[in-house]
Amino acid sequence: PYESFDVVVQFLRQAAADPEVVAIKQTLYRTSNDSPIVRALIDAAEAGKSVTALVELKARFDEEANIKWATRMERAGIHVTYGVVGLKTHCKVVLVVRQDYDGLRRYAHLGTGNYHAGTARQYTDLALFTCDDAIGRDLTELFNYLTTGYKPRRKYSRLLVAPKMLKQALLDKIEREIVHQESGGKGLIQWKLNALEDVDLVRALYRASQKGVQIDLIVRDTCRLRPGLPGVSDHIRVTSIVGRFLEHGRIYYFGNGGKPEYYLGSADAMQRNLERRIEVVAPIEDPR
């Protein structure tokens, strides 16, 4: 809430009005009853653009608003889909395809928070706005899967997507910090999450601590891991921030032997998020 959510609304409004924009694709997990985001998508469809909205009907407490908006969007000519059977769609992403002077270019917005103007005033969240071509291709791959439900050999070059690859990627990166520590370097893991509950990740973090890796966790809510246990989690610190705003951002940081990796995204370290939801975690590769 430290910066205005209106920049996200303006991004979509400008995309809706821009005659060079040919397509807009977006996931909607939570929406407000008077959603400026959805209104912008409707304006885009009425302007003749190809608009796809992936609406999650089982977003707790927001089912009624989501059903209402899905119906209105369908009437406006938006291609509304409801995700993949058996998986809740929890990722927060927008993909805009524009006919630029040098060809088609993809503009992407990937966040930790919902496209909800109301909660944006109360939750701390982060987002990446980028026209990185690799991320754009990955999002195209993701939306092809979300809208058809069938693409068994999905490949992503930048994004970590659940349930296909995110959990294993996190486990591999924890193991890599152990290797750095054992080879004379300094292993370092720092995560900021809503919840840490997945048993496999907790065990991997315990093992990393036992090898000497320094682990700093900022966990707002549920935390299955116990820090400071002699011989088990001596090198783990857990902090919970309770303040004016609800800490909602997810950040995964790995020291990686002096070549740090930063990721932000929609996924908490919970079994349901990693194995039964479609989540997206994106790398922050440019220091700027």
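Before reading further, recall that the structure is shown in the block above.
Note that this is a predicted model, so its numbers are computed, not measured.

### Here we look at the layout of surface pockets
Looking at the largest pocket, its volume works out to about 930 Å³. Taken together, 33 residues line the largest pocket, and the ones lying closest to its centre are Glu-3, His-109, Asp-125, Leu-126 and Ala-127. When contributions to the lining of the largest pocket are tallied by element, the ones reaching two or more residues are α1 (6-17), β6 (103-111), β7 (123-124), β8 (127-130) and β15 (261-265).

### Some details on the pairing of strand β11 (residues 214-219)
Sheet topology places strand β10 (residues 188-193) next to β11; six bridges connect them, and they run parallel. For Gln-190, the partnering residue across the bridge sits in β11 and is Asp-216. The β-α-β motif built from β10, the intervening helix α6 (residues 199-210) and the parallel element β11 has right-handed crossover chirality.

### Quick word on the packing of aromatic side chains
Overall, the coordinates contain five aromatic pairs when judged by the stated rule. Aromatic pair Phe-11 and Phe-129: ring centres 4.9 Å apart, planes at 65°, arrangement edge-to-face. Highlighted residues: Phe-11 in helix α1 and Phe-129 in strand β8, separated in sequence by 118 residues. According to the relative accessible area criterion, Phe-11 is buried, its value standing at 13%. An angle of 75° between the planes, with centres 6.1 Å apart, marks the rings of Trp-191 and Phe-254 as edge-to-face. Taken together, the residues Trp-191 in strand β10 and Phe-254 in strand β14 (residues 251-254) connect sequence positions 63 residues apart. Within the aromatic cluster, the residues linked to one another by ring pairs are Trp-191, Tyr-252 and Phe-254.

### Describing empty space enclosed by the protein
As enumerated under the stated definition, the model contains one cavity of 30 Å³ or more in all. There is about 40 Å³ of room inside the largest cavity. Residue lining of the largest cavity: Cys-91, Lys-92, Val-93, Leu-110, Gly-111, Leu-264, Gly-265, Ser-266, Val-280 and Ala-282, and that is the complete set. Secondary structure elements with two or more residues in the lining of the largest cavity: β5 (92-100), β6, β15 and β16 (277-283). In terms of residue class, the lining of the largest cavity is made up of six nonpolar, three polar and one charged.

### Re helix α2 (residues 36-46)
Within α2, eight of the 11 residues are buried, which leaves the element mostly enclosed by the surrounding structure. Looking only at α2, the buried set comprises Pro-36, Ile-37, Val-38, Ala-40, Leu-41, Ile-42, Ala-44 and Ala-45. Where α2 is buried, its residues meet α1, β1 (21-28), β2 (50-55) and α3 (63-75). With its phi angle positive at about 95°, Gly-48 sits one or two positions after the end of α2.

### Quick look at the pattern of salt bridges
All told, the structure shown has 19 salt bridges when counted by the stated rule. Between Arg-106 and Asp-133 there is a salt bridge, and its shortest N-O distance comes to 3.5 Å. Taken as a pair, Arg-106 in strand β6 and Asp-133 in helix α4 (residues 133-148) lie far apart in primary sequence, 27 residues in all. We classify Asp-133 as partly exposed; its relative accessible area is 42%. Linked through salt bridges whose partners overlap, the residues forming this network are Asp-18, Arg-98, Asp-100, Asp-102 and Arg-105.

Cut-off values and rules
Residues numbered from 1 in each chain as written. Predicted model: local features only at pLDDT ≥ 70, side-chain atom pairs only at ≥ 80, totals over all residues. Heavy atoms only, no water. 1 Å grid on protein atoms, 1.4 Å probe; cavity = no way out; pocket = protein on both sides within 12 Å on 5 of 7 lines; lining within 4 Å. Points joined across faces, edges and corners; volume = space filled by probe spheres on them. Helix = DSSP H or I, 4+ residues; strand = E, 2+ residues; numbered from the N terminus. Pairing = 2+ DSSP bridges. Right-handed = clockwise from strand over helix to strand, strands pointing away. Phe/Tyr/Trp six-rings, centres within 6.5 Å; stacked < 30°, edge-to-face > 60°. Buried < 20%, exposed > 50% of the residue type's maximum accessible area, 1.4 Å probe, protein only. Nonpolar A, V, L, I, M, F, W, Y, C, P; charged D, E, K, R; others polar. Contact = heavy atoms within 4.5 Å. Salt bridge = Lys/Arg side-chain N within 4 Å of Asp/Glu carboxyl O.

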